[in-house]
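Working through the structure, step by step
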Amino acid sequence: MKKARTGLIVETMEAASAAGVTHAARAATVRHGACTVTTVKIESDDDAKLFEREKGTYVTVETDRVYRITDNDFESIVTVLADIMRSLMPKSAGRILIAGIGNRAITADSLGPKCVDRIIVTRGFEKVMPELINDGTYASVSAICSNVFGVTGIESAELIGGIAKMLKPSLIIVIDALASTSVKRLCKTIQLSDTSLTPGGGVDNARGKISPDNLGIPVLSVGMPTVMDVAAILSNAGCTEEKARELLGQFGDSMIAMPTRIDSATDTAAKLIAFAVNKALHRDMTTEDILRFLY
């Protein structure tokens, strides 16, 4: 079997520890209301190579529930996410470009587009109400949905890079679905990072990397695992690799699973992420403000 697919740094670290591999990176975990927050900083070249990640800060937010979330838990998680986003953004963010990556027609890959649907776009204020941008009440926000390469023939990195050359944003926020090796983290975990994002990387279909080095612009990447390897599920259940090969046959390296309630899960996650982005970018914005803007 191939190594299990995951987009989460905490799972990569767990796999390294299980294999007895030493590394300098450490995880700091704290509890905040309805979620657990784990921060990992990859600072050495050796660790970056070991984990196949770029150097930077990775923050994982694990929630207790996602399908039937209470109003109090929603507010708690959004507040935590918004605070983390602010900590990972440049201190003086001007114009912001938000890119939701994924295929809206495939529910497990629809997280990015669903988030963009709930983003408050304010670039138009630059002309009609510039004082609201100039005094910091609102950030100047533009948002796009970048469909997958197989549909458009255009890499998300190419599309975002081209638009960035015209808009000259001070920050790019990219949102995409990830993969996990753990049922307990599936559709319940949000990872944020000030490093790159590689669309399709979690399902062995990696496309062009969206990174600060490639674009010359800071990047905040946000994602939630919506799928996992069936092989990983069997392994977690105690199935040997040989038995897993026998059970999965020709699909051993390519079969993935998702919850039956994936539509509800991606809807809720999109609201959590998008509302947090809105609050992180626009000063003193409340949930009620967001709802008035959107609906």
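This report concerns the structure included in the present document. (Residues numbered from 1 in each chain as written. Predicted model: local features only at pLDDT ≥ 70, side-chain atom pairs only at ≥ 80, totals over all residues. Heavy atoms only, no water.)

1. Here's the deal with the packing of aromatic side chains
For the structure on display, the rule yields 3 aromatic pairs. Residues tyrosine 138 and phenylalanine 293 carry aromatic rings whose centres are separated by 5.9 Å and whose planes lie at 75° to one another, so their mutual orientation is edge-to-face. Taken together, the residues span a long stretch of sequence, with tyrosine 138 in the loop between helix H6 (130-134) and strand S5 (140-146) and phenylalanine 293 in helix H13 (residues 287-294) at a distance of 155 residues. Take phenylalanine 293: its relative accessible area is 39%, and that puts it in the partly exposed class. Members of the aromatic cluster, each reached through a chain of ring pairs, are Phe125, Tyr138 and Phe293. (Phe/Tyr/Trp six-rings, centres within 6.5 Å; stacked < 30°, edge-to-face > 60°. Helix = DSSP H or I, 4+ residues; strand = E, 2+ residues; numbered from the N terminus. Buried < 20%, exposed > 50% of the residue type's maximum accessible area, 1.4 Å probe, protein only.)

2. Some remarks on the nonpolar core
By size, the foremost hydrophobic cluster in this structure holds 57 residues, and its most contacted members are Met85 and Ile173. Residue contributions to this core peak at 12 residues, all from helix H12 (residues 262-281). Contact partners of isoleucine 173, with chain neighbours within four places excluded, come to Met89, Ile96, Leu97, Ile98, Ala99, Leu220, Val222, Val277 and Leu281. (Core = buried A, V, L, I, M, F, W, Y, C linked by side-chain atoms within 4.5 Å. Contact = heavy atoms within 4.5 Å.)

3. A word on the pairing of strand S1 (residues 27-32)
Bridging between S1 and strand S2 (residues 35-42) involves 6 bridges; their strand directions are antiparallel. When the bridges of S2 are listed, arginine 31 appears paired with threonine 36. Taking the residues between adjacent antiparallel strands as the criterion, S1 and S2 are bridged by 2 residues, where glycine 33 takes a positive phi near 55°. (Pairing = 2+ DSSP bridges.)

4. Some words on the pairing of strand S7 (residues 189-193)
The side chains of a regular strand alternate between both faces of the sheet. Counted residue by residue, S7 has 5 buried out of 5 residues, so it is predominantly covered. Along S7, one buried face is formed by Thr189, Gln191 and Ser193 and the opposite face, lined by Ile190 and Leu192, is buried too. Across 5 bridges, the pairing between strand S3 (residues 56-63) and S7 is antiparallel. Each bridged residue has a counterpart across the sheet, and for valine 59 the counterpart in S7 is leucine 192. Inspection of the sheet shows S7 paired to strand S8 (residues 219-229) by 3 bridges, in the antiparallel sense. Residue pairing in the sheet places leucine 192 in a bridge with valine 222 of S8.

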